[in-house]
Amino acid sequence: MGSKVYTMGTDGRSHSAASGLVQQMVTVFEAAGFAEMIRPGDAVAIKLHCGEWNNTAYLRPVYARTLADRIKALGGRPFVCDTTTLTYSTLSTRATALDLLITAERNGYTSATLGCPFIVADGFSGTDDVLVDLPEGYILKEAYIAKAIALADVLIVLTHFKGHPIGVIGGSIKNLGIGAQSKRGKMNVHMGGHPKYGFGVAIDFHPERCKGRAGCDRWEACESCCPYGLFHVTETSIEWDREHCVDCLGHGGANTWCGVCDSPEITQRAACAAMADGCLAAVKTVGRGKVGFINMAIDVSPACDCVGYADMPIVPHLGVFAGRDPVALDKATVDKAAASQGMPGSAAEDYGAEEPGTPKFSTVSAHSREDMSEEIQLVTGSLNGLGSLDYEMVTVDPVADRTLWQFPDRRSTRAKFQPLYAKDDPFPRERHDGRGYKRADEVDLDRVSQHDD
Ligand code: SF4
Ligand code: SF4
């Protein structure tokens, strides 16, 4: 018997008011026993990814709002949070608290929409953190966890499940493995300064491919892409102080397109493994019995919500899943994706992953790179003690208590509207002999239905 993974078994379909995606989320939250984790007065962090600027696949705020309202009803004190990113590229929009809050608001994450505060969990520049000793880690032996997450009494990890350019999968493990790390914690996970896997060591640097200031009209962007100023473009080539590289990925897009800085696969594989360690460190700070994970496997885009766009989903909605074990949860979701038909016209087709049985993320999100795999985070998480690859899928009915769906007014239609309409009837009965409106008595509806007959 493996770890329990709760789902309504809808494959992400919704047929009624009882099976909408919000109701599915509430149902698995209750079924997994998350309500029992929360005591009156508890500070409850809801960790999510608020989406990069112009990304459109991130989770709509209604899911977090619903959780926040439920937590408040239980007596908890919820807050929704995300962390500052590395600079990643010249277009990063969440790398400081100032930028992150502006982006989060643009994406709909405000206290007004959430009914609770939205917090940048690692502070203004990403150094507000807690150092966690991790002797059991597979590759990381310590981690820096964002303080607002580390100090929470309860942690609900609300994840949009999708692919990821480095992690291959962006699920529950990655939501904490990267998302709960402070900025300096992210440098750790990305292998900054590592003697074997660090970008500065592992990369094949090709200055001979650089055309220099004289031959490249993008040289200024290239010269200024590194927050540590490690690149210098000369008249005919480029120089790089690789010894001081911290793997912030800030040069992404600036000098990768020309083949001068390629992306070392070994760094990415090590970072994948480190994500499982980072997740374990975050779970340790809050306490195993106090962390619940929810995977919303909908709008399953091939790249993460940290890119400034969203491609067509590579599979149809897969469903909503919850459990205490992030390894089991992500494994179950990956298996659902593999068993699914690839979405016609999507990147699944581009990479030949349409057929059920094809691993979707190893094929599509890893761009068929042989050694990148959707299994790395999962297997590492099973080795470091984070969780189990074995799971038991438990299919549950919608919650019986429909008050949990939190409709704002549960009076009957008559009780609510009869007195209102008595005062302000929207039907204009006084017009056109009580028929209300001026309309043709009869028209040819077949004519506008474009029937052949
Ligand atoms: S490294 Fe590439 S982008 Fe930078 S100056 Fe050289 S050719 Fe241009
Ligand atoms: S060279 Fe290193 S430190 Fe500079 S932007 Fe690239 S990854 Fe970051």
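Residues numbered from 1 in each chain as written. Chains lettered and ligands numbered in written order. Predicted model: local features only at pLDDT ≥ 70, side-chain atom pairs only at ≥ 80, totals over all residues.

(A) Just the nonpolar core, in detail. The biggest cluster of nonpolar side chains holds 121 residues, and the ones touching the most others in it are Val80 and Ile149. Considering each element in turn, this core owes the most residues, 13 residues, to helix H11 (residues 265-286). Per-domain counts for this core show at least three residues from each of domain 1 (3-188 + 265-402) and domain 2 (204-262). The next biggest cluster of nonpolar side chains, apart from the first, holds twelve residues, and it includes Trp219, Cys225, Val233 and Cys261. (Core = buried A, V, L, I, M, F, W, Y, C linked by C-beta atoms within 7 Å. Buried ≥ 20, exposed ≤ 12 C-beta atoms within 10 Å, placed from the backbone. Helix = DSSP H or I, 4+ residues; strand = E, 2+ residues; numbered from the N terminus. Domains from an automatic or database assignment.)

(B) Spatial organisation of the pairing of strand S6 (residues 142-146). Summarising burial for S6: four of the five residues are buried, a large majority. Pairing geometry for strand S5 (residues 129-133) and S6, over five bridges, is antiparallel. The residue bridging Leu131 from the neighbouring strand is Tyr144, located in S6. (Pairing = 2+ DSSP bridges.)

(C) Structural detail: the site of ligand 2. Taken together, Phe199, Cys225, Cys226, Tyr228, Leu230, Cys245, Val246, Asp247, Cys248, Leu249, Gly250 and His251 make up the full set of residues adjacent to ligand 2. Of the residues assigned to the shell around ligand 2, the class counts are nine nonpolar, two polar and one charged. (Near = placed C-beta within 6 Å. Nonpolar A, V, L, I, M, F, W, Y, C, P; charged D, E, K, R; others polar.)

(D) Just the environment of Cys216, in detail. The residue Cys216 is located in the loop between helix H9 (212-215) and helix H10 (219-223) in this model. What makes Cys216 partly exposed here is the crowd of 17 C-beta atoms within 10 Å. C-alpha separation for the pair Cys216 and Ser237, spaced 21 residues apart in sequence, amounts to 9.7 Å.

(E) Region of interest: the packing of helix H1 (residues 21-31) against helix H2 (residues 61-73). Two numbers describe how H1 lies on H2: the axes approach to 10 Å, and their chain directions differ by 40°. Put simply, H1 runs oblique to H2. Like other packed secondary-structure pairs, H1 and H2 cross with a definite hand, here right-handed. Residue-level contacts link Val22, Met25, Val26 and Phe29 of H1 to Val62, Tyr63, Thr66, Leu67 and Arg70 of H2. Tallied by class, residues from the contact of H1 with H2 come to seven nonpolar, one polar and one charged. (Axes fitted to C-alpha atoms, helices over the stretch in contact; angles between N-to-C directions. Parallel < 35°, antiparallel > 145°, perpendicular 65-115°, else oblique. Left-handed = near helix turned anticlockwise from the far one by under 90°. Contact = placed C-beta atoms within 7 Å.)

(F) H11, seen in detail. With 22 residues, H11 ought to run about 32 Å at 1.5 Å a step, and its terminal C-alpha atoms sit 32 Å apart, in line with that. Of all 22 residues in H11, 19 are buried, a share of seventy percent or more. Trailing H11 by a residue or two, Gly287 shows a phi angle of about 110°, which is positive. (Expected span 1.5 Å × (residues − 1).)

(G) Inspection of helix H15 (residues 376-383) at higher detail. Burial runs high along H15: six of the eight residues are buried. Taken together, the buried positions of H15 are occupied by Ile376, Gln377, Leu378, Thr380, Gly381 and Ser382. Directly after H15, the chain includes Gly385, whose backbone phi takes a positive value near 95°.

(H) Main features of the pairing of strand S13 (residues 319-323). Within S13, five of the five residues are buried, leaving the element largely enclosed by the surrounding structure. Residues of S13 alternate between two faces, with Gly319, Phe321 and Gly323 on one and Val320 and Ala322 on the opposite face, all of them buried. When strand S1 (residues 3-7) meets S13, the two strands line up antiparallel, connected through two bridges. Each bridged residue has a counterpart across the sheet, and for Tyr6 the counterpart in S13 is Ala322. Pairing between strand S12 (residues 291-297) and S13: five bridges, direction antiparallel. Note that in S13 the partner of Ala297 across the bridge is Gly319.

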